[in-house]
Every structure is written in C-alpha cells, then in structure tokens.
Amino acid sequence: MIKLKLALVVIILILLSISCQETKIENQKFSSLYCTPSSIIASYNPGTYSNDTLALSFSTSDASSLLIIYKNDTIVSENEVAKVAIYNSVGKLSRIPTSSKNYKKYAHNWNPPIGIPSSFHQIKVLKIKNEIIIDSLIGNYILGAGTNDELPIANFQVNPEWMFSSDTGCYVPGISIDANNESGSGNYYKFKKRKQPATIQIIDQNQEYLNGTFNWRIHGYMTPKAPQKSLLVYLKETTNVSTLLDLNHKADKIILRSSYSGWGTKIFVDGFIADACKNLNLDVMAYHPIKVYINGEYWGIQGLRERIDLKAIASKHDFKKKNLIVADDKGFSNETNEYGELKVLFDHIKANPNYSYENIKNSFDMISLIDWLATEMFFQNNDWPGNNTFFWKSKKNRKDKWKCILIDMDACIGYPKDNMFEYAIEKKPTALGKIFVTYLFNQKEFVLAFKKRAEYLLNNDFSTTQLMIKLKAYKNVFEPVIAEHYSRWGDPDGVSKYNKGISKIETFCEQRQSYFRSNLDKFIVSKSF
C-alpha cells in the first residue's frame with residue numbers, strides 16, 4: 001500500500017510538472033526584438049512571445065509623465081507609470097481574398113488562414129518633463145508565436161485602401177477581374193505599376209536595417225495573381241539593408257518576393273541556388289528569408305531580394321548607369337524589345353546556324369556564359385532558356401563583352417536523372433533563347449570548354465558536400481517557421497508538401513552530379529566531338 005501511494009505521488013508530481021511546462025510554453029518569450037535604447041523601463045521587454053495577451057506597463061525613475069502611442073490610440077499618464085494591453089486576434093486583412101479561389105489553372109488558390117496567426121505590435125512611449133520630450137522608447141512585440149526562430153521581420157504599414165479596396169486595391173482581384181480572363185485581369189494587374197507609399201521597418205533581434213516611408217508596387221510577371229504577392233520597394237536613401245543581404249554595395253531597390261513555381265513544396269529553392277552560385281562568374285540576386293507583417297497581420301515568409309537592374313549592376317561593379325546596356329528575353333530591362341542590342345546577334349544565328357563562333361567569343365564573356373549555362377542545366381531550370389535570360393555589358397569600350405545574370409530559379413530541381421541536354425537543345429528551336437543555346441552546343445570548342453568547367457563545378461560549388469551544407473543551413477532556418485506560413489495561407493497539407501520537397505532536394509543534391517556527368521558524356525558522344 002505504501003509503495004502504491006508513493007507511486008501515485010510520483011505520477012501526480014510528473015503530471016504537475018508537465019502541466020507547469022505547458023503553462024510555461026503558453027507564456028514564453030522566445031527571443032528579443034530590436035528596440036530603441038531608452039531609460040524607460042518596460043514590464044515585458046520587446047520580443048517574440050507565445051502569449052496572446054500582454055498587459056504592459058512602462059515606467060521611469062524620475063518625476064516625468066509618459067505618453068503611449070499604440071495603433072490609433074494615445075494614452076497619457078500623469079505619473080511615472082503608463083499601461084496598455086495588447087492582444088493577438090483574428091486579422092481582418094488576412095480574411096480578404098487576394099486571388100481567385102476557383103482559379104483551377106493555378107495551383108495556389110487563395111484560402112483563409114487556418115487558426116490565428118501571430119501578430120506584430122509596435123508601441124511608442126514618450127517621456128515628457130516640463131512639456132518637453134526628453135526620452136522615448138519604440139518597442140516591437142510579436143504575440144501568438146508558436147516557436148523560436150531567427151528570421152528578420154518586415155513591418156509593413158500601409159493605407160488598406162491602396163491594397164485591399166475592391167475599387168483601388170492593387171493586392172486583390174477587385175472590380176477589374178474578368179472571369180473569362182483570370183490570368184491577365186484583376187486589380188493586381190491593372191494597378192501593378194502604380195507606386196504608393198508605406199512605412200516599412202526591417203528588424204531582427206538586435207538591429208534595425210530599414211525604417212522610413214518608401215514607395216512600393218506589385219512586382220512580377222506571373223506572381224501578381226498569386227495569393228501572396230511580390231512587392232517592389234524603392235529605397236530613396238542609404239539604409240542598412242545591404243548589411244542584411246551581405247552586399248558590398250548600396251541597394252536602391254528591394255523585393256519582398258513570393259516564390260511562384262516553388263511556393264508549394266520548394267519555398268526557398270531560388271535563394272538556395274543563388275547562394276550556391278554566389279562565387280561563380282555571375283551576378284545573382286542576393287537572398288534572405290524574412291517574415292512579413294502587413295498592418296500587424298502575419299503575411300508569411302517572403303524572400304528579401306535585391307532588385308537586379310541597370311542601377312544595381314552599376315552600383316555593384318562601380319560603373320555609371322549611363323555607361324551600361326542590359327538585354328533580357330522580354331525587353332523589360334531596356335523597355336524596347338526582346339534582347340535589345342543582342343537581338344541583332346541572335347537573329348544572325350537564327351538565319352545562319354553556321355554563324356562564326358569567333359564572333360560569339362568576341363561578344364560574350366565566355367567564362368560567365370559557361371557558368372550561366374552550367375548553372376541553368378545542372379539545376380534543371382524548366383522555365384528557361386525561352387524565359388529568364390538576362391545579360392549586361394559596359395558600352396564605354398567596344399571590347400567590353402556581355403556578361404550573364406542569374407534570375408528566377410524557382411522552376412528548378414526535379415529528378416536527378418532528367419536530361420537537360422535533351423530539354424534545352426532542340427533540332428528546330430523557335431525562341432531566340434533556345435536558338436542561342438542550341439547553337440552553342442553545336443560548337444565543339446564551346447562544348448569541350450563547358451565540360452572542363454562543369455567538371456570543376458561538380459567537384460566544388462555543385463558537389464554533394466557543398467550543396468548539403470547549404471541545404472542543412474536552410475532547413476534549420478525554415479523548420480521553426482514553415483508550419484505557420486502554410487497555416488496563414490490556408491493549406492492544411494503545406495508542411496507535408498514542404499517535407500516532400502525537402503526530400504526531393506536532398507536526393508537531387510546527392511545524385512545529380514553523376515547523372516549530369518553521364519548526360520553530358522552521352523551528348524558529347526552523340527555529337528562525335
């Protein structure tokens with residue numbers, strides 16, 4: 001009987017311990033968030049909390065009054081203590097459909113959030129003495145967090161009419177949606193190029209990288225119709241965003257990018273590939289995953305990217321913008337026609353498959369060109385080469401050559417054995433990009449140089465060891481946050497899809513090298529080079 005009583009006591013103590021642990025998790029501070037240095041003391045330091053409610057008090061040690069500014073309210077205290085309560089609740093904006101729910105041709109239809117996502121709260125406290133502001137504190141809080149993570153935060157504050165009004169909102173289908181043309185209509189296309197202001201802050205646990213009012217607009221060719229859209233932000237002044245993106249030059253435009261092809265299963269694949277290629281002879285879009293909150297409501301994970309254009313290239317390579325030329329497959333970069341000045345060269349190749357290879361070598365930086373082709377083909381970009389081709393050069397010197405830029409690698413990483421030499425090289429190509437690639441792989445000198453460089457990359461930057469190191473780092477960053485992201489966008493199977501995507505990337509990183517070598521060798525044999 002005594003042993004039984006002791007056993008019951010132990011069980012009760014264990015249950016109490018578990019209960020205490022669960023209570024602690026429900027009211028847990030996971031991490032700090034950047035706040036301005038101040039002598040004002042907060043009862044709860046700024047940070048990320050699991051709590052759905054925080055009763056905050058702010059105090060000062062001297063005879064001063066405090067004023068709290070939170071959302072649209074101002075709270076004045078005549079003594080040294082001021083109080084305010086903040087709550088995590090269902091957001092109104094996240095319940096507004098941002099794409100057609102029944103758009104069957106697009107996999108990522110809009111669905112309402114599952115559960116209650118976390119929320120962002122910013123509180124400003126002013127310390128006043130003799131009617132003069134002598135100190136201030138800006139505290140940033142996230143409530144309702146499920147786990148601890150290390151992602152930076154983008155606090156995006158905007159007039160809701162600019163985004164969600166059915167008449168003028170650029171983020172919704174709105175009154176301009178055409179049920180017979182869902183892929184090319186809607187407010188998000190009608191107002192796509194319209195610039196509007198927002199107050200944007202980017203912070204992490206210890207630092208503020210951006211804070212101010214900036215113009216922004218909807219970005220992308222296909223992503224405007226996605227539920228989570230890409231936003232292009234125009235930076236009008238020097239910021240610390242370059243530090244976050246690990247750039248050695250000033251970024252004048254950034255993109256909060258929603259992945260298109262990889263949104264369901266391979267959410268970070270575009271950034272992962274850019275990271276793997278950052279030491280190659282290419283210009284790549286810098287990448288850092290970031291959590292976005294719009295007017296305090298959780299908006300999911302997006303990719304913070306530097307916008308690659310003439311100004312960005314000029315800043316990176318220390319040129320004047322007026323001395324550069326760019327060319328891309330759609331003419332977006334030069335606002336003229338596809339490939340700009342390069343179209344003349346491509347038309348020559350189209351008209352004459354035996355066009356002089358010496359002219360190509362005189363026109364292109366061949367090291368950059370080979371690295372670009374090796375990257376696109378190794379990682380299996382299925383949205384290329386008819387799309388996503390981007391080149392630049394200096395026009396100051398006639399001897400300057402075209403260099404390559406790596407963009408939009410979302411539609412990559414399929415089955416390791418898939419043969420890109422069969423996909424990208426056609427007998428009778430029609431798109432100029434495919435005509436160019438097919439031409440190059442019919443040149444023996446080019447193919448042998450490609451093989452030599454590819455072998456180096458397979459043993460180094462594209463080796464299983466290097467890719468798995470990078471993949472592990474990305475998995476560690478995304479694992480704590482991925483469930484909330486998919487819940488926010490109403491996908492109950494999102495985490496399962498994500499895990500399958502991770503397994504697919506792992507298999508690719510482990511097996512792609514041998515298949516790529518084999519496919520390349522077979523191609524060379526078939527050409528009798």
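Just above sits the structure.
So, here is what we can say about the structure in this document. Being a predicted model, the structure only gives us computed values, none of them experimental. (Residues numbered from 1 in each chain as written. Predicted model: local features only at pLDDT ≥ 70, side-chain atom pairs only at ≥ 80, totals over all residues. Heavy atoms only, no water.)

Some thoughts on the sheet that holds strand 20 (residues 403-406)
Taken in spatial order, the four strands of this open sheet run 15-20-19-18, and their pairing is mixed. This sheet does not close on itself; its edge strands, each paired only once, are strand 15 (283-284) and strand 18 (324-328). By the bridge criterion, five bridges tie strand 18 to strand 19 (residues 390-394) in an arrangement that is antiparallel. Directly across from Asp328, in strand 19, lies its bridge partner Phe390. Contacts from helix 6 (residues 310-317) reach strand 15, strand 18, strand 19 and strand 20 within the one sheet, and its direction differs from that of strand 18 by about 130°. (Pairing = 2+ DSSP bridges. Helix = DSSP H or I, 4+ residues; strand = E, 2+ residues; numbered from the N terminus. Contact = heavy atoms within 4.5 Å. Axes fitted to C-alpha atoms, helices over the stretch in contact; angles between N-to-C directions.)

As for helix 15 (residues 494-527)
Along helix 15, the helix axis deviates most sharply at Gln511, where the bend reaches about 50°. Just past helix 15, the residue Ser528 takes up positive phi, approximately 60°. (Bend = angle between axes of the 7 residues up to and from the residue.)

Digging into the pattern of salt bridges
Pairing between side chains of opposite charge can happen when their charged atoms approach one another. Counted according to the given criterion, the structure contains 20 salt bridges. We note a salt bridge from Asp270 to Arg305, for which the minimum N-O separation is 2.6 Å. Here Asp270, found in helix 5 (residues 269-276), pairs with Arg305, found in strand 17 (residues 297-306); they are 35 residues apart in sequence, far enough to count as distant. The burial state of Asp270 is the same as that of Arg305; both residues are buried. Measuring nitrogen to oxygen at the nearest pair gives 3.0 Å for the salt bridge that ties Lys361 to Glu358. Highlighted residues: Lys361 and Glu358, both in helix 8 (residues 357-363), separated by three residues, approximately one helical turn. Judged by its relative accessible area of 42%, Glu358 is partly exposed. What emerges from the salt-bridge pattern is a single network uniting Arg257, Asp270, Arg305, Asp408 and Asp410. (Salt bridge = Lys/Arg side-chain N within 4 Å of Asp/Glu carboxyl O. Buried < 20%, exposed > 50% of the residue type's maximum accessible area, 1.4 Å probe, protein only.)

Focus: the nonpolar core
Formed by 86 residues in total, the largest nonpolar core has its most connected members in Phe268, Ile360, Phe364, Phe379, Phe441, Phe446 and Phe450. Top element by residues in this core is helix 15. It accounts for nine residues. Setting aside anything within four residues of it in sequence, one finds Phe446 in contact with Tyr357, Met366, Leu369, Ile370, Leu373, Leu440 and Phe441. The next biggest cluster of nonpolar side chains, apart from the first, holds 36 residues, and it includes Ala154, Ile200, Phe214 and Ile290. (Core = buried A, V, L, I, M, F, W, Y, C linked by side-chain atoms within 4.5 Å.)

Interpretation in functional terms is not warranted from these geometric data alone.
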